[in-house]
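Residues per chain, in single letters:
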Amino acid sequence: MSRRHPMIVLLVFLIFFVISFITNILGPLVPDIINGFSLSLALAGFLPFSFFVAYGVMSIPAGMLLERYRERAVMTAAFALAFAGSLLFASVPTFQVALTSLFLIGIGMTMLQVAINPLLRAAGGEEHFAFYSVMGQLVFGSASFLSPFVYSYLVTHLKEDGVAGVGGGLLDLLARNVPRELPWVSLYWVFAAVTLGIVVVLALVRFPAFSLRDEERPGAWATHRDLLRNRMVWLYFAGIFCYVGSEQGIANWISKFLSTYHGFDPQVEGARAVAMFWGLMTAGCLLGLLLLKLFDARKVLVGFAAAAIVTLTAALLGGPQVSYYAFIWIGFFLSVMWSVIFSLALNSVPRHHGSFSGILCTGIVGGAFVSLAVGWLGDRFGLRAGMTLAYLTLGYILAIGFWARPLVDNATMSLRQLLAAIPRTFSRARPSAAAAPRQ
C-alpha cells in the first residue's frame, strides 16, 4: 500500500466543499439577478455560460500546468483567481462585471477540479480511492445543499435589518458594504473571504511529493490528437456535455420557473427547492453505490435516465406542489449519471486515461451552452418550453446505456453475496502492513 496522508485527504474534502459551495449557488440567484439588473432570460443565461465556458477553455491546459508546477502552485493560483473574481463583483456589482467575475471564478474551479482527483488518489492511497471519491461526492453534495440556505439567510436578514448597526456582527459588516437593493451580493463577500482563507491554508500545509502513473498523467498535445481521432471519445464527451447541461439547465432555472408559473418566493421556497435538489442528488449517490454492485452500470443509467425524464414531465406540467417536489426528485435521478458515464468512458479506452479525463472534463462546458439555450428559448416561447431542452440531453444519456460497449464492465454480485461481503469489508477496514490488500 502507498503511504497515506490523512491531512491532505481532509484538505481535498475541504476543497470539494468550497468548489460546490461557490459553483452551485447560481440557481437560487437567477431570479434576484434578473430583477436586480432588469435582465431578459437570455441575458441571465449568460451568467452560467460565463462560468461553465471556463471548463471548455481551461481543462486541458490545467492538466499541463499541473504536470509542470505541481499541486500546491496550481491550487493556490486557482483560489487566487476565485478570490479576485469574488472581490471584483462584490466591489462593483454590475452585470458586465458579473460576467468577468464568473469567468475568473470558473477558471479557478476548473484548475481545482483537474488537480484534486489525482491528489486524492495519491494522498489516500489508490486502494482506497473509490471510497474517498464517494466521500468527496458526499461532501460536494452537502455544500450544494447548504449554500442556498446561506443565501436565503443573508438575503432575508439583510432585507429586514436594512442598515448597518441593526443586525450586528457579520450582518452589520455586510450591510455596510452591500447595496440595499442587491442584498444577494453579500454572498460574494463571503466567497472572497472563504477563498482568501483557503489560500492561507494552502500556504501553511506541507505537501509531500506525489507521483502519478504514466497512464494517469495528462499527455502532450499529440496524445490528445490521438484520442480525438477516436469516435468513442467524442461520444462520451457528448455524454458529459449532456449530463452537465441537464444538471445546470434544470438547477439554474428551478427557482425562476417556480416563481413564474406557481408564485413561489424565490428567496425562500425557490432557494429551498434548489437546496433539496442537491440534497437528494447526494442521497441518490448512496443508493447508486448499492445498485452498481447489483446491476450492470448501463442498466442503472437507463433506469435513472428514464425516471428523470418522467419526473421532468411532472415538474413542467404539474400543479404547484407536484412541480415543486418533482424538481426536487430530479436531483435524485441525476445522481449516478456523472459517475457512470465517466467510468464507462474510461473503461472504453485501453490507455491515455489521464488525457481522456481532461477531455471529458472539458465537456463540463455543457453547463454553459444548455443554460444559455434555455434562457434564449424561454424569452421567445416561455421558460416551460425552454426547459424542454432537457429532454434532448436526458434522451442522449438514456441512449448511452444501450450503445455503450466498455472494455471492462463494472463488477456485480448477487444480493446474498453483497450482504455476506459487508462484514468482511469492515474486518479489513484497518489492515496491517503485512496483510496489505493486493493492488
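All values reported here derive from a predicted model rather than from experimental measurement. (Residues numbered from 1 in each chain as written. Predicted model: local features only at pLDDT ≥ 70, side-chain atom pairs only at ≥ 80, totals over all residues. Heavy atoms only, no water.)

1. Section: the overall build of the protein
Now for step 1: What the protein contains, in helices and strands, is 19 helices and 0 strands.
Now for step 2: Within the span of the protein, comprising 439 residues, buried residues form 53% of the whole.
Now for step 3: Here the contacts in the protein between residues at least 6 apart in sequence split such that 84% fall between residues at least 24 apart.
Now for step 4: Entry remark: accessible area of the protein is about 18800 Å², with carbon and sulfur atoms responsible for 66%. (Helix = DSSP H or I, 4+ residues; strand = E, 2+ residues; numbered from the N terminus. Buried < 20%, exposed > 50% of the residue type's maximum accessible area, 1.4 Å probe, protein only. Contact = heavy atoms within 4.5 Å. Areas by Shrake-Rupley, 256 points an atom, 1.4 Å probe, with all protein chains shown as cover.)

2. Regarding the packing of helix H9 (residues 231-251) against helix H14 (residues 337-346)
Now for step 1: Contact geometry for H9 and H14: axes closest at 10 Å, N-to-C directions at 175°. As judged from the angle between their axes, H9 and H14 are roughly antiparallel. On the side of H9, the interface is formed by Tyr236, Gly239, Ile240, Tyr243 and Val244, while H14 contributes Met337, Trp338, Ile341, Phe342, Leu344 and Ala345.
Now for step 2: Looking at the contact of H9 with H14, its residues break down into 10 nonpolar, 1 polar and no charged. (Axes fitted to C-alpha atoms, helices over the stretch in contact; angles between N-to-C directions. Parallel < 35°, antiparallel > 145°, perpendicular 65-115°, else oblique. Nonpolar A, V, L, I, M, F, W, Y, C, P; charged D, E, K, R; others polar.)

3. Notes on the nonpolar core
Now for step 1: Membership of the largest hydrophobic core comes to 144 residues, with the highest contact counts inside it found for Trp184, Tyr188, Phe327 and Met337.
Now for step 2: The greatest single-element share of this core, amounting to 20 residues, is contributed by helix H3 (residues 41-91). (Core = buried A, V, L, I, M, F, W, Y, C linked by side-chain atoms within 4.5 Å.)

4. Describing helix H6 (residues 169-177)
Now for step 1: Listing the buried residues of H6 in full gives Leu171, Asp172, Leu174 and Ala175. The buried side chains of H6 occupy one side of the element, clustering within an arc of 170° when seen end-on. Set apart from the buried face of H6 by more than 90 degrees, the exposed residues are Gly169, Leu170, Leu173 and Arg176. (Arc of directions from axis to C-beta.)

5. What to know about unusual backbone geometry
Now for step 1: Non-glycine residue Ser38 carries a positive phi angle of around 55°.
Now for step 2: Summarising the element assignment, Ser38 is placed in the loop between helix H2 (26-37) and H3.

6. Topic: the packing of aromatic side chains
Now for step 1: Taken as a whole and judged by the stated rule, the model has 28 aromatic pairs.
Now for step 2: For the pair Phe257 and Phe327, a centre-to-centre distance of 5.2 Å together with 70° between the ring planes defines the contact as edge-to-face. Of this pair, Phe257 sits in helix H10 (residues 254-262) while Phe327 is found in helix H13 (residues 320-334), placing the two residues 70 residues apart along the sequence.
Now for step 3: By relative accessible area, Phe327 is classed as buried at 0%.
Now for step 4: Residues Trp329 and Phe333 carry aromatic rings whose centres are separated by 6.4 Å and whose planes lie at 40° to one another, so their mutual orientation is tilted. Taken together, the positions of Trp329 and Phe333, both in helix H13 and 4 residues apart, correspond to about one turn of that helix.
Now for step 5: Residue class for Trp329 comes out partly exposed when judged on its relative accessible area of 39%. (Phe/Tyr/Trp six-rings, centres within 6.5 Å; stacked < 30°, edge-to-face > 60°.)

7. Quick word on the pattern of salt bridges
Now for step 1: Under the counting rule described, the total for this entry stands at 2 salt bridges.
Now for step 2: The partner of Arg176 in a salt bridge is Asp172, and the shortest N-O contact between them spans 3.6 Å. Of this pair, Arg176 and Asp172 both sit in helix H6, separated by 4 residues, roughly a single helical turn.
Now for step 3: Classification of Arg176 as exposed rests on a relative accessible area of 57%.
Now for step 4: Its relative accessible area of 16% is what places Asp172 among the buried residues.
Now for step 5: The residue Arg298 makes a salt bridge to Asp296 at a minimum N-O spacing of 3.0 Å. (Salt bridge = Lys/Arg side-chain N within 4 Å of Asp/Glu carboxyl O.)

8. Things to note about the confidence of the model for the protein
Now for step 1: Residues with a pLDDT of 70 or more make up 84% of the protein, whose mean pLDDT is 83.
Now for step 2: Across residues 428-439 the pLDDT falls below 50, and counting only partners more than four positions away or on other chains, this stretch makes 7 contacts in the model. (pLDDT = per-residue confidence, 0-100.)

9. What to know about a nonpolar patch on the surface
Now for step 1: On the surface, a nonpolar cluster with roughly 300 Å² of combined accessible area is contributed by Phe145, Leu146, Phe149 and Met276.
Now for step 2: Among the elements that take part in the nonpolar patch, helix H5 (residues 129-161) stands out by supplying 3 residues, more than any other.
Now for step 3: Along the chain, the position of Met276 falls in helix H11 (residues 266-294). (Patch = residues over 30% accessible without salt bridge, like charges linked within 9 Å, V, L, I, M, F, W, Y side chains within 5 Å.)

10. Quick notes on the environment of Cys361
Now for step 1: Topologically, Cys361 is positioned in helix H15 (residues 353-362).
Now for step 2: Put simply, Cys361 and Phe342 are 19 residues apart on the chain and 9.4 Å apart in space, counted from C-alpha to C-alpha.
Now for step 3: Not counting the four nearest positions on each side in its chain, Cys361 is found in contact with Tyr55, Ser59 and Phe342.

11. Brief notes about helix H18 (residues 389-403)
Now for step 1: In a regular helix each residue adds 1.5 Å, so 15 residues correspond to 21 Å; H18 covers 22 Å between its end C-alpha atoms and thus fits that length.
Now for step 2: Those residues of H18 that fall on the buried side of the exposure criterion are Leu389, Ala390, Thr393, Leu394, Ile397, Ile400 and Gly401. Buried residues of H18, seen end-on, are gathered within an arc of 145° and therefore sit on one face of the element. Summarising the geometry of H18, the exposed residues directed more than 90 degrees from the buried face are Leu392 and Phe402.
Now for step 3: Of the surrounding secondary structure, the elements contacted by the buried residues of H18 are H9, helix H12 (297-317), H13, H14, helix H16 (366-381) and helix H17 (383-387). (Expected span 1.5 Å × (residues − 1).)

12. With respect to the environment of Phe264
Now for step 1: Looking at the element boundaries, Phe264 is found in the loop between H10 and H11.
Now for step 2: Considered as a pair, Phe264 and Pro320 are 56 residues apart in the sequence and their alpha carbons are 8.5 Å apart.
Now for step 3: Those residues within four positions of Phe264 in sequence are excluded, and the remaining contacts are Leu258, Ser259, Glu269, Pro320, Gln321 and Tyr324.

13. With respect to the side chain of Asp32
Now for step 1: Mapped onto the elements, Asp32 comes out in helix H2.
Now for step 2: Looking at Asp32, the relative accessible area reads 8%, which means it is buried.
Now for step 3: The residues contacting Asp32, other than those within four sequence positions of it, are Tyr151, Trp184 and Gln267.

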